[in-house]
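# Survey of secondary and tertiary structure
Spelled out from the first residue to the last, the chains are:
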Amino acid sequence: MAIDVDKLAYRYEELRSERANWESTWRECAELFNPGRYRDDTETNAHRIPLVNPKLVNSKGILAMRSMASGMQGGMASPVRPWFRLVAKGDPQFIPDGVNAWLDRVTQVMTAVLHQSNFYNATHTLYSDIGTFGTGLLVETANEDGIYFHLVRCGEYVLDINGNDEVDTFFRRLYMTPRQILDRWESAPDLPDFIKRSRERKVMTTERYDVIHAVFPRTDFKPAKRLTAESKPFASVYYLPGGSSGHGTGKACILEEGGFDMFPAFAPRWDVSGSDVYGRSPAMDVLPDCKMLQAMTTTLRKTQHKIADPPLVADQSLRATGVKLIPGGLSFFDSTRTGTTPVAPIHQPEAAALQTVMTAVQEVEQNIDDGLYVDLFRMMLEDQRSRITATEINAKERERIVMLGPVVERLHKELFDPVIRRTFALMQEWGAMPTPPEGVDALDVDVSFESALAQAQRQVTTSNIEAGFAFIGQAAAAVPEILDIVDTDAMGRAYLDRINMPSSVIREESAVEEIREQRAQAAAQQQQMETMNQGVNQLVDATKAMENMSNTNISGQNALEALTSGLGALR
């Protein structure tokens, strides 16, 4: 079924209307925490506005957001240490041999693919978007050159969710010149004439027009043996909206229609209230503090300025000659006039007042740091060792990590797990996957996260296992039967799973059983050999005893003959 561009444009306007309540808050948060990352999609000169806030007098919000973004990257998906691995779902005894080793190899290849792309650069900025606006939008595409991630700025997109509160629809605004439009869609059948004629001009205009990119699930999708780009589960449509210049001209027209097998975008949210489409951010929580900080910093700077360069009062007699207040300046006054001060400060704040203002500013700055988890992330960033363990984080910032836990879980669900699964599918599509072993076609693959923050969450359960094992070990010294209540195999596998031990180095249960059977057989054979050796030794000892007795002379008879004759007398 062909796309109705008028209905699509109407839906876009409806979603923009629903988003309107968030825009003023996003604008304020951008000014104080993330200048340049908000673009109003009604702004016709958005590409020319300044990227800094000239009214900003204290950059604490920007610096704190920068620390949070860097800490999120180091704690969630660091480019310098492993942060995920692929594992096979299901009972380990039913997983075909070689699958775990193959999944470890796929993890290595996928890690290399992400490093070759712009994934880490894009996600670093995405963290600051999520921390500032509560929501971010990252689009993943692929071609023969590799994978590319495009980060859409806040204000340039609208989202919609399905019945499971999952984002499955987005519209984004591309503000493009005629040259850019022609480079991509010169052969579009409905391209307006005023765009086509722009190449005929001596100088191509720099006027810009809205191009809307919409991606949404097809309601009329029906599985087919061969899917074309226009019949895939998710539609991808670029269109020029109708309206006045700058927002489209004339009738709306479709520039390109395509599709995706999987939803190509990821819209992680910091925190979501109910069925809201957009999320709340930590910057929104400390927005009042950051506003107050600007006013307090202005007062502080005025106070410091007055102390360093106070307003002065001078004797009237100096009006004619003036006063030179520069270093080394020489001024003249009438010394016969007594009881007057030629030049003196008229108002100079006390040092105690300055200290009070500075203390108050520091308290507000600390509130901002606390709200953006700067202390937690700074501790991670300033660690100079090669790796900070989950145990150290848990010991130092346990309460903070518990508070951050829901955010970590949401990012796993809405960002990292979908990214890994889509990248896995794209690698299969473009032939970048290692050769799989038999039985992989029906394999259900899961993603296990082993970043510092993910491990910190698992540390609670590993601590319980360690404590339980220590207790059982101590109790077994007095009551050995207590070992019967613990499945040590299950305990060991659970512990190794929580510390993300690679599956390829953990033996399958069948292999463990085989090793134990071989050990039991070897032990039985050893016991049998020892029993046989014991019998042989006893026989040898008896033979030697008989020989000794035969060589012993007792009254003309040897001991053996005497013993035999004695036995004969008994008969």
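Everything that follows concerns the structure shown earlier in this document.
Fair warning: this is a prediction, and the values are worked out from it, not measured in the lab. (Residues numbered from 1 in each chain as written. Predicted model: local features only at pLDDT ≥ 70, side-chain atom pairs only at ≥ 80, totals over all residues. Heavy atoms only, no water.)

### Focus on the overall build of the protein
Each helix and strand counted, the protein has 15 helices and 14 strands in total. A burial count over the protein gives 41% of its 571 residues as buried. A separation threshold of at least 6 residues defines the contact pool for the protein, and within that pool the share at least 24 residues apart is 73%. Counting only carbon and sulfur atoms, one obtains 53% of the accessible surface of the protein, whose full area is about 32,300 Å². (Helix = DSSP H or I, 4+ residues; strand = E, 2+ residues; numbered from the N terminus. Buried < 20%, exposed > 50% of the residue type's maximum accessible area, 1.4 Å probe, protein only. Contact = heavy atoms within 4.5 Å. Areas by Shrake-Rupley, 256 points an atom, 1.4 Å probe, with all protein chains shown as cover.)

### Remarks on the side chain of T297
Within the fold, T297 resides in helix α8 (residues 287-308). Not counting the four nearest positions on each side in its chain, T297 is found in contact with V57 and N58.

### A short note on a nonpolar patch on the surface
Taken together, the side chains of L312, V323, L325 and V343 present a nonpolar region at the surface, about 290 Å² in accessible area. The topology assignment puts V323 in the loop between β10 (312-314) and β11 (343-345). You can call V323 partly exposed: its relative accessible area is 31%. (Patch = residues over 30% accessible without salt bridge, like charges linked within 9 Å, V, L, I, M, F, W, Y side chains within 5 Å. Salt bridge = Lys/Arg side-chain N within 4 Å of Asp/Glu carboxyl O.)

### Looking at the packing of aromatic side chains
This structure, assessed with the given rule, holds 16 aromatic pairs. On the numbers, 5.3 Å between centres and 80° between planes, the contact of W26 with Y278 is edge-to-face. One end of the pair, W26, is in helix α1 (residues 5-33); the other, Y278, is in the loop between β9 (265-266) and α7 (282-285), with 252 residues separating them in the sequence. Y278 matches W26 in its accessibility class, with the two residues each being buried. Considering the side-chain rings of F119 and Y120, the 5.0 Å spacing of their centres and the 80° angle between planes classify their relative orientation as edge-to-face. Side by side, F119 and Y120 carry an identical accessibility label, which is buried. Feature note: the residues W83, F84, F119, Y120, F149, F416 and F449 constitute an aromatic cluster, connected by ring pairs. Between the NZ or CZ atom of R184 and the centre of the ring of Y238, over which it lies, the distance is 4.9 Å. (Phe/Tyr/Trp six-rings, centres within 6.5 Å; stacked < 30°, edge-to-face > 60°. Lys NZ or Arg CZ within 6 Å of the ring centre and 35° of its normal.)

### What to know about the sheet that holds strand β3 (residues 146-152)
Reading across the sheet, the three strands line up as β3-β2-β9 and stay open at both edges, with antiparallel pairing between neighbours. Each having just a single partner strand, β3 and β9 make up the two edges of the open sheet. Note that strand β2 (residues 137-143) and β3 share seven bridges and pair antiparallel. Among the inter-strand pairings, N143 is bridged to a residue of β3, identified as G146. Taken strand by strand, helix α4 (residues 119-133) contacts β2 and β3, and its axis lies near 20° from that of β3. (Pairing = 2+ DSSP bridges. Axes fitted to C-alpha atoms, helices over the stretch in contact; angles between N-to-C directions.)

### As for the pattern of salt bridges
If you walk through the whole model with that rule in mind, you get 21 salt bridges. Ionic pairing is found between R11 and D160, a salt bridge with its closest N-O pair at 3.0 Å. One end of the pair, R11, is in helix α1; the other, D160, is in strand β4 (residues 157-161), with 149 residues separating them in the sequence. Linking E23 and R19 is a salt bridge whose minimum nitrogen-to-oxygen distance equals 2.9 Å. Taken together, the positions of E23 and R19, both in helix α1 and four residues apart, correspond to about one turn of that helix. E23 gets classed as buried once you look at its relative accessible area, which sits at 16%.

### What about α8?
The end-to-end C-alpha separation of α8 is 32 Å, in line with the 32 Å expected for 22 residues at 1.5 Å each. Looking only at α8, the buried set comprises L287, D289, C290, L293, Q294, M296, T297, L300 and T303. Buried residues along α8 sit in contact with α1, α2 (60-76), α7 and α9 (351-371). (Expected span 1.5 Å × (residues − 1).)

### What to know about the side chain of D369
Relative to the elements of secondary structure, D369 occurs in helix α9. By relative accessible area, which is 5% here, D369 ends up buried. When residues no more than four places from it in sequence are discounted, the contact partners of D369 are K60, A64, V374, D375 and R378.

### Observations concerning the nonpolar core
In this structure, F33, W83, Y239 and F416 are the most contacted members of the largest nonpolar core, which totals 108 residues. Sequence-distant contacts of Y239, that is, excluding residues within four places in its chain, are made with V5, L8, A9, Y12, F171, D210, V211, I212, C253, I254 and L255. L191, I195, V211 and L255 belong to the second-largest nonpolar core, a separate cluster that totals 14 residues. (Core = buried A, V, L, I, M, F, W, Y, C linked by side-chain atoms within 4.5 Å.)

### Examining the environment of T356
In this fold, T356 is placed in helix α9. As a C-alpha pair, T356 and L300 span 56 residues in sequence and 9.6 Å in three-dimensional space. Within the local environment of T356, its side chain forms a polar contact with the backbone oxygen of A352, the two atoms lying 3.0 Å apart. (Polar contact = N/O pair within 3.5 Å; in protein donor to acceptor, adjacent residues only side chain to side chain.)

### Structural notes on unusual backbone geometry
Unlike most non-glycine residues, D165 shows phi in positive territory, near 60°. Take D165: it is sitting in the loop between β4 and β5 (167-176). Phi is positive for Y373, close to 60°, though the residue is something other than glycine. Following the sequence through the fold, Y373 ends up in the loop between α9 and α10 (374-381).

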